[in-house]
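Residues per chain are reported as follows:
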Amino acid sequence: MANHSPGVIRPEEIYEVRELRRRMGLGDHAYREARAAGLRVRRLGRKIFVLGEDFIAFVKSRPEENAAASGTNELQGSAPLAVRDY
């Protein structure tokens, strides 16, 4: 049975874009920004998919944001990986 937990992306799974966006809380702008920055997608007919491993690699490739720049009191590098919707 597949895990449909919000915020959980597994490297061995394939996600329809709308499911990936729902899990990660990505709005239209953040998704377009991620695509423009190199997030890889696969098309099959009218469906668009993202491999979990591709999304994780994409997020890991993004520059780290320190606590001062994010306006939080979190220690640098302790925040969960996510693409921010500015």
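Please read all numbers here as calculations on a predicted model, not as lab measurements.

(A) Highlighting the sheet that holds strand β1 (residues 14-16). Reading across from one edge, β1-β3-β2 is the order of the 3 strands in this open sheet, with antiparallel pairing throughout. Across the chains shown, the open sheet's two edge strands, defined by having one partner strand only, are β1 and β2 (42-44). Strand-to-strand twist across the sheet, computed as the mean angle between neighbouring axes with direction ignored, equals 35°. Relative to strand β3 (residues 47-51), β1 runs antiparallel, the two sharing 3 bridges. Each bridged residue has a counterpart across the sheet, and for Ile14 the counterpart in β3 is Leu51.

(B) View of the nonpolar core. If you look at the biggest cluster of nonpolar residues, it comprises 15 residues, and the most contacted ones within it are Ile9, Leu20, Leu26, Leu39, Val50 and Phe55. Of all the secondary-structure elements, those providing two or more residues to this core are α1 (17-24), α2 (28-36) and α3 (52-61). Apart from residues no more than four positions distant in its own chain, Leu20 is found in contact with Ile9, Tyr15, Leu26, Val50 and Phe55.

(C) Main features of the environment of Gly7. Tracing the sequence through the fold places Gly7 in the segment before β1. C-alpha separation for the pair Gly7 and Met24, spaced 17 residues apart in sequence, amounts to 5.0 Å. When residues no more than four places from it in sequence are discounted, the contact partners of Gly7 are Arg23 and Met24.

(D) A look at the confidence of the model for the protein. Here the protein shows a mean pLDDT of 83. Residues at 70 or above account for 72%. Within the protein, no element has a lower average pLDDT than helix α4 (residues 67-70), which sits at 62, and none a higher one than β3, at 98. Within the model, the stretch residues 73-80 combines pLDDT values under 50 with 5 contacts to residues more than four positions away or in other chains.

(E) Region of interest: the pattern of salt bridges. This structure, assessed with the given rule, holds 6 salt bridges. Residue Glu16 is joined to Lys47 by a salt bridge in which the shortest nitrogen-to-oxygen separation is 3.2 Å. A residue pair is termed long-range when its members are at least 10 positions apart, and Glu16 in strand β1 and Lys47 in strand β3 qualify at 31 residues. The salt bridge involving Arg21 is made with Asp28; its shortest N-O contact spans 2.6 Å. Relative accessible area serves as the criterion here: at 46%, Asp28 is assigned to the partly exposed category. Three or more residues joined by partner-sharing salt bridges are found here, namely Glu16, Arg18 and Lys47.

(F) Highlighting the environment of Leu51. Position of Leu51 relative to the elements: it lies in strand β3. Residues within four places of Leu51 in sequence aside, it is in contact with Glu13, Ile14 and Arg42.

How each quantity is defined
Residues numbered from 1 in each chain as written. Predicted model: local features only at pLDDT ≥ 70, side-chain atom pairs only at ≥ 80, totals over all residues. Heavy atoms only, no water. Pairing = 2+ DSSP bridges. Helix = DSSP H or I, 4+ residues; strand = E, 2+ residues; numbered from the N terminus. Axes fitted to C-alpha atoms, helices over the stretch in contact; angles between N-to-C directions. Core = buried A, V, L, I, M, F, W, Y, C linked by side-chain atoms within 4.5 Å. Buried < 20%, exposed > 50% of the residue type's maximum accessible area, 1.4 Å probe, protein only. Contact = heavy atoms within 4.5 Å. pLDDT = per-residue confidence, 0-100. Salt bridge = Lys/Arg side-chain N within 4 Å of Asp/Glu carboxyl O.

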